[in-house]
Amino acid sequence: MAKVELKGITKVYEGNVTAVDKADIVIEDKEFVVFVGPSGCGKSTTLRMIAGLEDITGGDLFIDGDKVNDIPPKDRNIAMVFQNYALYPHMSVYENMAFGLRIRKTDKAEIDRRVKEAARILDIEKLLERRPKQLSGGQRQRVAVGRAIVRNPKVFLFDEPLSNLDAKLRVQMRAEIIELHHRLNATMIYVTHDQVEAMTMGDKIVVMKDGKIQQIGSPLYLYNNPVNKFVAGFIGSPPMNFLTVKVVEEGGKLLIDEGSFKIQPAQAHVSYLKPYVGKEVSFGIRPEDLPCTEDGTGGIPAKVTVVEPLGAEIHLYASTPTQSMIAKVPPHHLFKIGDSVRFLPVLEKAKYFDRETDEAIIPADRVEKAK
């Protein structure tokens, strides 16, 4: 397999539209890296530049140490799995999987061996004689993955491969792709807009927005150490709550004042917040870090606006007089719309963001440091 390095990779389209702006990414050999971000953030364009399907406007791309900017896709030894499967409808599953090898004039016996081995790995041996129209969406996706496997590529590229599948099948296919990665011990680059896919699948996540890389790191590192408000809100489900508060000093104590409540921040955060005394900041707290107070006093007072029972937990939507939030609470809490509730935030896990720049007030590394 191979290491992939992007050094200042840029893509500018006609009309001076910058789709990817000076991306610096290192994807280690055998690593599973996920590019995640909203539609139009440049993640698929980056993947297509790695594949050679888009020309690189600026910067250098290396695969296994070799600069490949001007190398055609067929000579990069990569394999790509597309969102729409891209199967030939007039060919059988076997023929679809064998097609790329036949073009390369691979020995017939070797083709047969590779196709049947890939079919065995993906549990589609009984489907080899069928046509794509006779397959379910999940089966078609397995065939598309199988077509990539038989190539024995240096790098596997996945462009939102599960977006056409229903929710249950997406979960199943996620697990299968993770298992496939461990079985093949391959370098894989995966593009998705679904942060749950990113969190559950990636060894490393690259968060993108407006063509720029926001932060790179392991799932838990990004979850616990977001570098800005965008990353904090994008990673985690349901997303982080953001409340506008004012940093104030009263009686020698530093407080955050929302208007309807005042809370003393964790001691470890005080020194970072002191320069913001008299200013507004964004107070970020995750839904799972908003337990209800048992005695009904202190904390954040709010009114329940929506109750979503999910069996193992309840998603409780509530609001102060001016702002709203969501909390994950245990199912034994029985609330109804209009009820008064008080949350006692786990302040050690709170995040604070500059209102002008959206940058984290408590610093975090944009690229996770090697362990």
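Each value, and the rule that gives it
The residue count restarts for each chain, going from 1 along the sequence in the order it is written. It should be noted that, the model being predicted, local features are given only for residues of pLDDT at least 70 and side-chain atom pairs only at 80 or more, the latter also being counted only at that level, while totals for whole chains, interfaces and linings use all residues. Side-chain calculation: all heavy atoms of the structure are included, whereas hydrogens and water are not. For the purposes of this description, domain bounds are those given by an automatic or database domain assignment. Any two residues having at least one pair of non-hydrogen atoms within 4.5 Å are treated as being in contact. Summed over both partners, the accessible area (1.4 Å probe) lost when two parts come together is defined as the buried area. In the sections that follow, a salt bridge refers to a side-chain nitrogen of Lys or Arg positioned within 4 Å of a carboxyl oxygen of Asp or Glu. Residues adjacent in sequence count toward polar contacts only when both atoms are side-chain atoms; beyond that, a polar contact is any pair of N or O atoms within 3.5 Å, and within protein one must be able to donate a hydrogen and the other to accept it. What makes a nonpolar core is a set of buried Ala, Val, Leu, Ile, Met, Phe, Trp, Tyr and Cys residues whose side-chain atoms join them at distances within 4.5 Å. Burial classification: accessible surface area is computed with a 1.4 Å probe over protein chains only, and a residue below 20% of its type maximum counts as buried, one above 50% as exposed, and the rest as partly exposed. Pairing of aromatic side chains requires ring centres within 6.5 Å, counting the rings of Phe and Tyr and the six-membered ring of Trp. Pairs whose planes differ by under 30 degrees are stacked, by over 60 edge-to-face, and all others tilted. Numbering of helices and strands starts at the N terminus; helices are DSSP runs of H or I of at least 4 residues and strands are runs of E of at least 2. As a reminder, the over-ring test applies to NZ of lysine and CZ of arginine, requiring each to be within 6 Å of the ring centre and within 35 degrees of the ring normal. Strand pairing requires that DSSP identify at least two bridges connecting the strands. Here, axes are lines fitted to C-alpha atoms. For helices the fit covers the stretch in contact, and angles between N-to-C directions go from 0 to 180 degrees.

## Focus on the domain arrangement of the protein chain
Piece 1. Domain annotation for the protein chain reports domain 1 (4-233) and domain 2 (234-354).
Piece 2. Spacing between the C-alpha centres of domain 1 and domain 2 amounts to 39 Å.
Piece 3. Listed as interface residues are 17 residues of domain 1 and, on the opposing side, twelve residues of domain 2.
Piece 4. For the domain 1 and domain 2 pair, buried surface summed over both sides reaches about 1400 Å², with 65% attributable to carbon and sulfur atoms.
Piece 5. For domain 1, the biggest contributors to the area lost against domain 2 are Q195, Y223 and K229; these three give 44% of the whole.
Piece 6. Inspection of the region where domain 1 meets domain 2 yields zero salt bridges.
Piece 7. The interface formed by domain 1 and domain 2 includes nine residue pairs in polar contact (both at pLDDT 80 or more).

## Some points on the nonpolar core
Note that soluble globular proteins tend to have their nonpolar side chains buried in a common cluster.
Piece 1. M97, V115, F158 and Y190 are the most contacted members of the largest nonpolar core, which has 50 residues in total.
Piece 2. Contact partners of F158, with chain neighbours within four places excluded, come to L47, V81, V145, I177, M188, I189, Y190 and V191.

## What to know about the packing of aromatic side chains
Piece 1. One pass over the structure, following the stated rule, counts seven aromatic pairs.
Piece 2. Look at F242 and F353: their rings are 5.8 Å apart centre to centre, the planes differ by 75°, and that puts the pair in the edge-to-face class. A residue pair is termed long-range when its members are at least 10 positions apart, and F242 in strand β11 (residues 241-250) and F353 in strand β19 (residues 351-354) qualify at 111 residues.
Piece 3. Take F242: its relative accessible area is 23%, and that puts it in the partly exposed class.
Piece 4. The rings of F32, F156, F158 and Y190 are connected pair by pair, giving a single aromatic cluster.
Piece 5. The cationic tip of K279 hangs over the ring face of Y276; the distance from NZ or CZ to the ring centre is 5.9 Å.
Piece 6. When the ring centre of Y223 is taken as origin, the NZ or CZ atom of R286, which lies over that ring, is 4.1 Å away.

## A few points about the environment of V307
Piece 1. Mapped onto the elements of the fold, V307 is located in strand β15 (residues 300-309).
Piece 2. Each C-alpha atom, one on V307 and one on Y317, is 6.3 Å from the other, the two residues being ten residues apart in sequence.
Piece 3. The residues contacting V307, other than those within four sequence positions of it, are I314, H315, L316, F335, K336 and I337.

## Let's talk about the sheet that holds strand β6 (residues 78-81)
Piece 1. Taking strand neighbours across the sheet as the criterion, the six strands line up as β6-β7-β8-β3-β9-β10 in an open arrangement whose pairing is mixed. The open sheet has two edge strands with one neighbour each: β6 and β10 (212-217). Between one strand axis and the next, the sheet turns by 15° as a mean value, whatever way the strands run.
Piece 2. Taken together, the five bridges between strand β7 (residues 155-159) and strand β8 (residues 187-192) define a ladder with parallel strand orientation. Residue pairing across strands places F158 opposite Y190, the latter belonging to β8.
Piece 3. Strands in contact with helix α4 (residues 137-149) are β6 and β7; relative to β6, the strand with the most contacts, it is inclined by about 175°.

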